[in-house]
Amino acid sequence: MRIDIITVVPELLASPLNESILKRAQESGHAEIYVHNLRDYTDDKRRTVDDYPFGGEAGMVMKVEPVFRCIEKLKSERDYDEIIFTSPDGITYNQHEANRLSLMKNIIILCGHYKGIDYRIREHLITREISIGDYVLTGGELAACVIADSVVRIIPGAIGDEASALTDCFQDNLLAPPVYTRPAEFNGWKVPDVLLSGNFAEIEKWQDEQAYARTKALRPDLLDE
Ligand code: SAH
C-alpha cells in the first residue's frame, strides 16, 4: 500500500512514521509512505502556502494553488482510491475505517494547518474527510500519523505476528482481554491461574469472557453495534 501525505510541516511526520512497525512495514515492502512539502508546490520566492481569509476573519487560510498542483501531480502518476482531508468536522475515525483504508492501494492524506484550507479544495478534490476526535489540533499532521499507523499495522504481513493485530481492541467490536508476562508473581500480585494452566481451550474461553465482560463494563455501546 502507498500513502502520500501532504503537509506544510514535514518535520512533524519524520519520527512517528520511521520507527517501530511503520519502519519495518516500509523496509519489508508492505507499505510505502511519502511526505510532500507543500512549499515545493508554490511558485513565488517566499514559497507562500497561506493567505488572509476573504471576509476578514482572524487566522490564515491554506491557499488553493499549491494543494491543487501537488494533488494533480500525484494523480497524474497513479490512481488514488481515496483523497483524505484531516478535519475536526469529518467522520469520526475508528477501527472500521482503518480496516477499510488498509485494503486500499493508494491514498493521499492532506493535512490542514492554520485556520483551515480554502474550501474549494474540499469541494472539488477531497473524497473523504476524517476527524480523529472532538478536539482541535494545531494541524492535521498528528491525525495523519494516527491514520497511517493504524492502517499500516493491519496490512496483512506488516506485523510479524499477524494474529496479534486481529486480537486487538475493536476488532469484533470487543475490547482486548488483559495480558500478563513473567514473573507469575510480583510483590504478591499474581497472574490469573488459568493463564499458567497450559490448557489452551480454557485460556481462550477465559480471554473471551474477559473481553466480553470488559466491553460490557467499559464500552457497552460497542455491543449494541
Ligand atoms: N478552524 C478549524 C480548525 C483548524 S485546526 C475548525 O474549527 O474546524 C488546523 C487543522 O488541523 C485543520 O485544518 C485539520 O487539518 C487539523 N485538525 C484539527 N483538529 C483535527 C481533528 N480533530 N482531526 C483531524 N484533523 C484535525
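Each chain has its residues counted from 1, running along the sequence as written. Per-residue local features of the predicted model are confined to residues with pLDDT of at least 70, and side-chain atom pairs are confined, for both listing and counting, to 80 or more; whole-chain, interface and lining totals are unaffected and use all residues. Calculated side-chain values reflect all of the structure's heavy atoms, with hydrogen atoms and water omitted.

Quick word on the overall build of the protein chain
Per the secondary structure count, the protein chain includes 10 helices and nine strands. Viewed in the frame of its principal axes, the protein chain has a C-alpha envelope of about 70 × 40 × 35 Å. Residue burial in the protein chain is summarised as follows: out of 225 residues, 40% are buried. Contacts between residues were defined by any pair of non-hydrogen atoms, one from each residue, lying within 4.5 Å. A sequence separation of at least 24 residues applies to 74% of the contacts in the protein chain between residues at least 6 apart. For the accessible areas, the method is Shrake-Rupley and the probe is 1.4 Å, while residue cover comes only from the protein chains on display. As displayed, the protein chain has an accessible area near 13,300 Å², and 52% of this comes from carbon and sulfur atoms. In this description a helix means any DSSP run of H or I spanning at least four residues, a strand means any run of E spanning at least two, and both kinds are numbered starting from the N terminus. Each residue is placed in one exposure class: buried if its accessible area under a 1.4 Å probe, protein chains only, is under 20% of its type's maximum, exposed if it is over 50%, and partly exposed if it falls in between.

Structural notes on the site of the ligand
We call a residue near a molecule or strand when any one of its heavy atoms sits within 4 Å of it. Of all residues adjacent to the ligand, which total 20 residues, the nearest are Thr86, Gly112, Lys115, Tyr135 and Leu137. Here an oxygen atom of the ligand sits 2.9 Å away from a polar atom, N or O, in the main chain of glycine 112. Between lysine 115 and the ligand, the recorded distance is 2.9 Å, taken from a backbone N or O atom to a nitrogen atom. Relative to its free-state accessible area of 560 Å², the ligand is covered by the protein chains to the extent of 83%. Those elements that provide at least two residues to the shell around the ligand are strand E5 (82–92) and strand E7 (128–131). Here the shell around the ligand takes four residues from E5, the largest share from any one element. By the convention adopted, Pro, Cys, Tyr, Trp, Phe, Met, Ile, Leu, Val and Ala count as nonpolar, Lys, Arg, Asp and Glu as charged, and the other residues, Gly among them, as polar. Looking at the shell around the ligand residue by residue, the class counts come to nine nonpolar, 10 polar and one charged. Counting of polar contacts relies on pairs of N or O atoms within 3.5 Å, with two restrictions inside protein: one atom must be capable of donating a hydrogen and the other of accepting it, and residues adjacent in sequence are counted only when both atoms are side-chain atoms.

Quick look at the side chain of aspartate 50
Along the chain, the position of aspartate 50 falls in strand E3 (residues 50–51). The charged side chain of aspartate 50 is buried without a salt bridge, its nearest counter-charge being arginine 39 at 5.7 Å. Setting aside anything within four residues of it in sequence, one finds aspartate 50 in contact with Met60, Val61, Met62, Lys63 and Tyr114. Charged residues are defined here as Lys and Arg on the positive side and Asp and Glu on the negative side; His and the ends of the chain fall outside this count. Counted as salt bridges are all cases of a side-chain nitrogen of Lys or Arg within 4 Å of a carboxyl oxygen of Asp or Glu.

Some details on the domain arrangement of the protein chain
Each domain's extent is set by a domain assignment, obtained either automatically or from a database. When its domains are assigned, the protein chain resolves into domain 1 (2–152) and domain 2 (172–224). Here domain 1 and domain 2 have C-alpha centroids that lie 38 Å from each other.

Structural notes on the nonpolar core
The set of buried Ala, Val, Leu, Ile, Met, Phe, Trp, Tyr and Cys residues whose side-chain atoms join them within 4.5 Å is what this entry labels a nonpolar core. The biggest cluster of nonpolar side chains holds 30 residues, and the ones touching the most others in it are Ile3, Ile5, Leu17, Leu101, Ile109 and Val152. Tallying contributions element by element places helix H6 (residues 141–152) first for this core, with six residues. Setting aside residues up to four positions removed in sequence, leucine 101 forms contacts with Met1, Glu82, Ile84, Tyr93, Ile130, Ile147 and Val151. Listed in part, the 19 residues of the second largest apolar core include Val8, Met62, Ile108 and Leu110.

Thoughts on the sheet that holds strand E1 (residues 2–7)
In this description, strands pair whenever DSSP reports at least two bridges between them. Strand order in this open sheet of five strands is E2-E1-E6-E5-E7, and the pairing throughout is parallel. Of all strands in the sheet, those with a lone pairing partner are strand E2 (32–37) and E7, marking the two edges. Strand-to-strand twist across the sheet, computed as the mean angle between neighbouring axes with direction ignored, equals 30°. Summarising the sheet, E5 and strand E6 (residues 106–110) pair through four bridges and their orientation is parallel. Looking across to E6, one finds that isoleucine 83 is bridged to isoleucine 108. Across the sheet, H6 touches E1, E2, E5, E6 and E7, and the angle it forms with E1 is around 175°. Lines fitted to the C-alpha atoms define the axes, with helices restricted to the stretch that makes contact. Angles between their N-to-C directions range from 0 to 180 degrees.

Overview of the state of the cysteines
Here, the word disulfide means a covalent bond between the sulfur atoms of two cysteines. Two cysteine sulfurs form what is called a disulfide whenever their separation falls within 2.5 Å. Within the structure shown, the criterion is met by zero disulfides. Cysteine 70 takes part in no disulfide bond, and the closest cysteine sulfur, belonging to cysteine 111, lies 11 Å away. For cysteine 70, a relative accessible area of 0% gives the class buried.

Some points on helix H9 (residues 200–218)
By this rule the span expected of a helix is its residue count minus one, scaled by 1.5 Å. When the terminal C-alpha atoms of H9 are compared, their 26 Å separation across 19 residues agrees well with the 27 Å that a helix rising 1.5 Å per residue should span. Looking only at H9, the buried set comprises Ile203, Trp206, Ala211 and Thr215. Along H9, the residues classed as buried sweep out an arc of 160° about the axis, all on the same side. Turned more than 90 degrees away from the buried face of H9, the exposed residues are Ala201, Lys216 and Ala217. Residues of H9 that are buried sit in contact with helix H8 (193–196) and helix H10 (220–224). One side-chain oxygen at the N-terminal end of H9 lies 3.2 Å from the backbone nitrogen of alanine 201; it belongs to asparagine 199. When we speak of the arc, we mean the arc of directions from the helix axis to the C-beta atoms.

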